[in-house]
Amino acid sequence: MDWYTRSLESVYDELDTSAAGLETATADERRETVGPNEIAGDHGRGPLDIFLSQFSSALIWVLIVAAVLSFAVGHVVDAVLIGVILLLNGVFGFVQEYRAEQSLDALREMATPEVTVRRDGSEQEVDSTALVPGDVLLLSQGDVVPADARLVEADSLEVDEAALTGESVPVEKTAGVLDPETALAERSNTVYKATNVTRGRAVAVVVETGMDTEVGEIATALIGAEDPRTPLQRDLDRLGRRLGFGVVALSALVVALLVVDGRGFVQAGLTAVSLAVAAVPEGLPAVVTLTLALGVRRMADENALVRTLPAVEALGAVDVVCTDKTGTLTEGEMRVQRAWIHDRVVALDEEGSDDRLDRLFEIGAVCNDATAEEGDPTERALVTAANDRGLDVDACRENRPRRDELSFSSERKRMATIHDDVVYVKGAPAVVLDQSTRVLGADGPVELDAKTRSDIEAQVDEFAGDALRVLGFAYKELDDEGGPEENLVFVGLQGLLDPPRAEVRDAIGDTHRAGIAVKMITGDNAVTARAIAREVGIDSDVLTGSDIERMDDETLRERVEAIDVFARAEPTHKVRILEALQANGAAVAMTGDGVNDAPALKNADVGIAMGVRGTDVAKQASDIVLLDDNYASIRAAIRRGRTIFDNIWKFVAYLLSANAAEVAIVFVASLYGYLILPAVQLLWINLLTDGLPALALGTDPGGDVMERDPRDRASGIIDGEMLGFVGGAGLTATALLLGLMFYLLDGAPSVTPYAMTMVFTGLVVLEFVKLYVVRWTRKTPLLTNPWLAVAVAASLALQLAVLYTPLNEYFGTVPLGVSDWALLGVVIVLGTPALVLVGWIVRRHGGGEPATASPPQTDDAPETHVD
């Protein structure tokens, strides 16, 4: 409703309340009707939803069908093994994603404060979720506004609405009635849920709660919106569908051939099941899940909380990172960078006594409503600067108790505090200068002549040219002539800036070297944006929000590639920038913290919310939450994502080459009437190769992953290099083991347990050789993963167990002698050079090339817009 256009009397009447607030019984009744003051989705996905989501891919459904078929033909053990693999895969994925949701719940719990309201004729503390329309709120500096509320009284009230409107500085709020055409960002008589009071006090009547608030409307738009699928999800689904069609087609062909050949439906059915088991890499979903889970754990240690496992790999595939400035590239805290007193710029770490400098910082700390921890960011910075100077701020305030004040307003552009014998003033330099007639020199106040005034103005321009926010400071003895803000003594200037984080420049340099463009989007003006961008290693033309509004979509698509700095940008501009980049084929990671950032976060390929400054709605719309709001954590997450993709590539290539060999061996052998590898042996091979060794690949180090261009998402994980490896390695193993089979059978009418055991064991050992070849193919140093050696040793021990223990009865194997191992050794010696040759060919044509993305522009790059 248009509450901001109504008189207070009309608001009270509509809500059946008064300035005294509600009765508790009335509030409880309303809460039953309107529900809790919460945003839908604040509590994330439930456990059942998370668990069921682990079984949504096509590959999982292929495995389920394989299990059902195995059970149907009497292979109960095979069906149980597949079922156990599927269950473990679901449990591993569930545990990781459920932990992420619990971590988010903890963050949300911290953001659910108690609020002060008038109820039953007195002031009470209630949980913010218990608020209802008609409640009368009491707000003060530092409070989070818990609901949309119409102001009744406002005393020097300023509210940070960046989370809702994108406005980068706090806005002044006053009670009154506004025109119906007033834009949301200009509704000065209303405060909104999820914004922050930075200055002053207020009384307000709650008009909307929960999903009816402005924040709730944005959340409503997000409900039901589908998350973009990550490259890995699309690739695995594509693989699952192709395997499903391939298994059906191949099995049908084999059954038809065997029946026509007079082998009978039973043997044909058993062979078809063996082929199905051979074709499907049962352990692939579990190994992918576990590898992603390991990455999630490591990313959590690096301050990135991953909400869904595939987002880990997706971040490693991005071409562009669109990042906020404040708190992400910068420290998120205003700091005094420079100071000026008469005739000189002062180094902030200057030692020694200087009464003028002490007076400058004392005025900043005493003419101030903040502490170092709470209040307006600029005022907090002034207090911190005084503390750093060595002043005892509390003692300064006690020594000069405030008797009165003239509050800051957008019209006055200054604040004055009146004490027993002196007035302290701070504000816009030009305004403070206009009220000054003297300047504080080394020996005391001297006349503020035209030259000195001009010098001060030039110094202000110099500070402002370096993107500093400049404040002027003055004082006046109360026994001097004129009013409290007349005939002031100008003391000096302080220039403030939110400084870049020390580690960000190197992090952005690493990102550029990885072939990824970094685009900074900020609400600050173009001068500040360009200055900060240069500091962190982004040197580019500047495009402002007003420029974007004048462009059609086609023009923006053309310009967005070359522009890396966007100033005076609002959340709606973020969405247009994102859409333009995606229309150009880019995979985009987008950061955000505000409610209005949620659409951009939801639609980005990877949405990254801020954990410290971010709103619940932004976190809910994101894939990853940065626990420290630091861009360097994005760099670490990208490295982790690329490493994970490399490791997934390795074990997918490894597993598919094994399955290719199994299918080829079973298929060719079946044409000669031999069932050389029954389903139980194939399942065992897949368990050995898909299990510990494949999982150990997930712990491989990253190598040179940040020296490569982003991968071509169009080719998918099964790219030309992988097909080459799968085909070459699969054919090598097939030729060797079919040759071994025919040599051992020597024309026998049926398979012997001995020949079956030799082919079975030879395939297992060849797979472990291939494990090291595939790592070498992706340029992974061979001796950098001790877990792999442990996994191979354990798997070989398990293989020996099915040969030399009573388990051989279930697997149809017989013990092998020394001469048999010697024969297998010959097969391995013949196969290893061939596998290495395959790996060498693939390595020459892939394995990651150095990044070729253009570096950031030089300092000589022309600037198309500065305001």
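Anything mentioned here points back to the structure above.
Now for a description of the structure that goes with this document.

### What to know about the overall build of the chain
And then number 1: Summing up its helical and strand segments, the chain has 31 helices and 24 strands in all.
And then number 2: In the chain, buried positions account for 55% of the 867 residues.
And then number 3: Of the contacts formed within the chain by residues at least 6 apart in sequence, a portion of 73% connects residues at least 24 apart.
And then number 4: Entry remark: accessible area of the chain is about 35,000 Å², with carbon and sulfur atoms responsible for 56%.

### Describing the side chain of Ser657
And then number 1: In this structure, Ser657 sits in helix 24 (residues 631–671).
And then number 2: Within polar-contact distance, the side chain of Ser657 engages the backbone oxygen of Tyr654 at 2.8 Å.

### Quick notes on the environment of Val207
And then number 1: Mapped onto the fold, Val207 is located in strand 7 (residues 196–208).
And then number 2: Every residue in contact with Val207, bar those within four places of it in the chain, is listed here: Trp3, Val11, Leu15, Pro133, Asp148, Ala149 and Arg150.

### Topic: helix 1 (residues 8–15)
And then number 1: Along helix 1, the residues classified as buried are Val11, Tyr12 and Leu15. Within helix 1, the buried residues cover an arc of 95° as seen down the axis, which keeps them to one side. For helix 1, the exposed residues lying more than 90 degrees away from the buried face are Glu9 and Asp13.
And then number 2: Elements that come into contact with the buried residues of helix 1 comprise helix 2 (24–34), strand 4 (148–160) and strand 7.
And then number 3: Following helix 1 by one or two positions, Asp16 has its phi on the positive side, about 50°.

### Details of the packing of aromatic side chains
And then number 1: Summed over all chains, the structure comprises two aromatic pairs.
And then number 2: An angle of 75° between the planes, with centres 5.1 Å apart, marks the rings of Tyr672 and Phe742 as edge-to-face. In this pair, Tyr672 sits in the loop between helix 24 and helix 25 (679–690) while Phe742 sits in helix 27 (residues 720–745), placing the two residues 70 residues apart along the sequence.
And then number 3: Residue class for Tyr672 comes out exposed when judged on its relative accessible area of 53%.
And then number 4: Taking NZ or CZ as reference, Arg6 lies 5.3 Å from the ring centre of Trp3, over its face.
And then number 5: We note Arg778 situated over the ring of Trp649; from NZ or CZ to the ring centre the distance is 4.4 Å.

What counts and what doesn't
Residues numbered from 1 in each chain as written. Predicted model: local features only at pLDDT ≥ 70, side-chain atom pairs only at ≥ 80, totals over all residues. Heavy atoms only, no water. Helix = DSSP H or I, 4+ residues; strand = E, 2+ residues; numbered from the N terminus. Buried < 20%, exposed > 50% of the residue type's maximum accessible area, 1.4 Å probe, protein only. Contact = heavy atoms within 4.5 Å. Areas by Shrake-Rupley, 256 points an atom, 1.4 Å probe, with all protein chains shown as cover. Polar contact = N/O pair within 3.5 Å; in protein donor to acceptor, adjacent residues only side chain to side chain. Arc of directions from axis to C-beta. Phe/Tyr/Trp six-rings, centres within 6.5 Å; stacked < 30°, edge-to-face > 60°. Lys NZ or Arg CZ within 6 Å of the ring centre and 35° of its normal.

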